[in-house]
Amino acid sequence: MVSEESLISCFSNLGCDVSDKSVVDKCLQLCHTYDIDEETFVELWVAYTVPHSLNIDPTVDDLSKFEVEELKKTNKDSHEAVACITSNVKTDIEVKQGIFDNVLDLYSTGESSTLQPSNARCTKYARRNFIETVRNKPTKRARSPEETESDSKLRAVDQTFTPSTYTSKLNTPNRAPSVTVRGKVLLHFGPNVKSWKKQNEYRVSIVKADNPHVPKDAMYMYEILSKQGAVLRSSCESFGARLCHIWNDTMMGPSKSSIRYVRNVQSISQRAFRTWGRIFIKADKSVGSKIVMLEGCKRSKGSNSSPVVRLDLSGIKHYSVFPGQIIAVEGINTTGDTLIAKELFVKGYALLSDLPKLSEEITIYVAVGPFTPFDNLNYQPLWDLIECVAEDEPDILILIGPFVEYTHPEIKKGTLKDTFHDFFEQIVAKILQHLQGKSTQVVLVPSNRDAHHDAIFPTPEFVMNANKLGSNVANLHSMSDPCTINVEGLQIGITSVDTLRHLGQQEVSNTSGMDRLGRLANHVLSQTTFYPLYPPFPGLNLDTTLWRKYACFEHQPHIMILPSDVKHYCKVVNESLVFNPERLQKYIYTKLRVRPVNSGRWDPNNVSCEIAKV
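Description of the structure in this document. (Residues numbered from 1 in each chain as written. Predicted model: local features only at pLDDT ≥ 70, side-chain atom pairs only at ≥ 80, totals over all residues. Heavy atoms only, no water.)

## Here we look at the side chain of His408
Then, number 1: Mapping His408 onto the fold places it in the loop between strand 12 (396-400) and helix 9 (409-412).
Then, number 2: Only 3.1 Å separates the side chain of His408 from the backbone oxygen of Asn376, close enough to count as a polar contact.
Then, number 3: Discounting residues that sit within four places of it in the chain, His408 has contacts with Thr372, Pro373, Phe374, Asp375, Asn376 and Leu377. (Helix = DSSP H or I, 4+ residues; strand = E, 2+ residues; numbered from the N terminus. Polar contact = N/O pair within 3.5 Å; in protein donor to acceptor, adjacent residues only side chain to side chain. Contact = heavy atoms within 4.5 Å.)

Put into structure tokens, the structure is as follows:
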């Protein structure tokens, strides 16, 4: 039964404002009409708003369009799909078997009988198809066909990306903001900035920070379950012990020496003790609720599995936990199977980075993909942004993938005569061409959702042919995902994964009235990793070994960029400036003005941030 309270809670979890009663009534009506629960409805709504460049806060008019374009269509498609499943089962099995055979041939002989290119790209092609097959996606990512494609198909876009070379669908709406909306500031943080145009000739140095980054030739898909378990257990052991150490150091008085620390979460005791472990959440279908469990990292002698207890949080006034979170807990366990928590400790923040060494103010523009609307490949939002960049000439332009979104309808059709990688290089070449003669340095961060790149997280940096990119290639910097870039000592942490939305949908909390987006961002910082959720969100191919090596940070960045489909925001969290630039597909980007440190102490409130329309 769909309830109004549950629906509002699901919307607030993603930062949506549903204060209008008519909007809530419309949502409830749609849930009943199409027989979907509150959580599914909100997920469908968010997925609809992004490609359609709509505000994530629902209105009655937008919900009506959503019903016509999404719910009715999906309902019709599902009925048609049921009718043809039987006839397609045999064909589907044969196709998947063929893919598995190709991959097995590739690994056993070094080449495949049906995949002709015998180079590194062939291996990436096979790995991508293998990953998609395991995920059981209805549409697999595949490289676009070469010159064997029918000549009747139109080339989606040529090297110049001019409108004359791309034939859009008839009646395709113009999604660019109106003249009155262009440049509108949606959110402002920090001191006012009189002008964003270039003020000096200061050229900054951009390098990777000292923490490890995914190498270009990173190997993945070689994990076995035992190794994966060992990695998770090791990270839980080391981080949990660190949490207890920090917690003990913050204690005062006689209780500091009297408290007992144990490694076994199943220890039976009527006295309070402290231990640590990893959270996982189990659904209780009988009552429709979630049960919070704590998995320890010390195995019993002769056991192949880690000890697990139920975590009773009824005695905690405010809490927020999620699967994969490593916590320290104080409580009692009188039965061995339930740990009654009295206090939780999760503040395992990394050490703060050293002070930036900037001698002048610098300007940074940030934009996140997808960079083109869902119904064309003109990339008009990107070119409008580049026009602004060419005019204002910021010191740094950070572009975060996906650049070639693998779920884009035009990409899924496979009508491009170029390979996806060549198509991507044409985009980069045009960006550099427009910025020729400008001092702006461009930073590219990939996404595991890029059709031309590795479908794995953490994701290696792009490998591009410098000869195809023009003479301005010296201003281009390719980074991995996640990455921390060092700009004259200013540490900027970046990831393309929607960590906040993933956490928000898996979190179990009792924190009514508290700042939700700030709390989700705090989870990232307090767990010292760009992606603290485990198991990962469906659709994210997480390599645990790479995650342990390259997705954690020993020093907390001064600025954290956490892109998300949820509403844009900018907040100070534990002395880091954390912001969500939203998606350029919606013509939204972010501008930063970072000033030199004069007081001998880093102050994120001295950074100016504007999230605005292009």
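And the narrative resumes.
## What about the pairing of strand 6 (residues 308-312)?
Then, number 1: Bridging between strand 5 (residues 289-295) and strand 6 involves 3 bridges; their strand directions are antiparallel. Residue pairing across strands places Met293 opposite Arg310, the latter belonging to strand 6.
Then, number 2: The sheet contact formed by strand 6 and strand 9 (residues 338-345) spans 3 bridges and is parallel. Directly across from Arg310, in strand 9, lies its bridge partner Thr338. (Pairing = 2+ DSSP bridges.)

## Topic: the nonpolar core
Considering soluble globular proteins, one finds that nonpolar side chains tend to be buried as a cluster.
Then, number 1: Phe11 and Phe41 are the most contacted members of the largest nonpolar core, which has 54 residues in total.
Then, number 2: For this core, the secondary-structure elements that each account for two or more residues are helix 1 (4-13), helix 2 (21-34), helix 3 (38-49), helix 4 (60-109), helix 11 (499-506), helix 12 (516-526) and strand 20 (569-573).
Then, number 3: Considering every element that reaches this core, the biggest residue donor is helix 2, with 7 residues.
Then, number 4: Contacts of Phe11, omitting those with residues within four sequence positions, involve Cys16, Val18, Cys27, Phe41, Val42, Trp45 and Pro58.
Then, number 5: Ranked by size, the runner-up nonpolar core spans 41 residues in total, among them Tyr379, Ile386, Leu397 and Leu476. (Core = buried A, V, L, I, M, F, W, Y, C linked by side-chain atoms within 4.5 Å. Buried < 20%, exposed > 50% of the residue type's maximum accessible area, 1.4 Å probe, protein only.)

## Notes on the environment of Asn475
Then, number 1: Topologically, Asn475 is positioned in the loop between strand 13 (441-445) and strand 14 (476-478).
Then, number 2: Taking the C-alpha atoms as reference, Asn475 lies 9.5 Å from Ile396; in sequence the two are 79 residues apart.
Then, number 3: If near-sequence neighbours (up to four positions away) are discounted, Asn475 is found in contact with Arg203, Lys438, Thr440, Gln441 and Val442.

## Observations regarding the pairing of strand 5
Then, number 1: Summarising the sheet, strand 4 (residues 269-284) and strand 5 pair through 7 bridges and their orientation is antiparallel. Within strand 5, the position partnered with Ile281 by the bridge is Val292.

Keep in mind that these numbers describe shape and distance, not what the molecule does.
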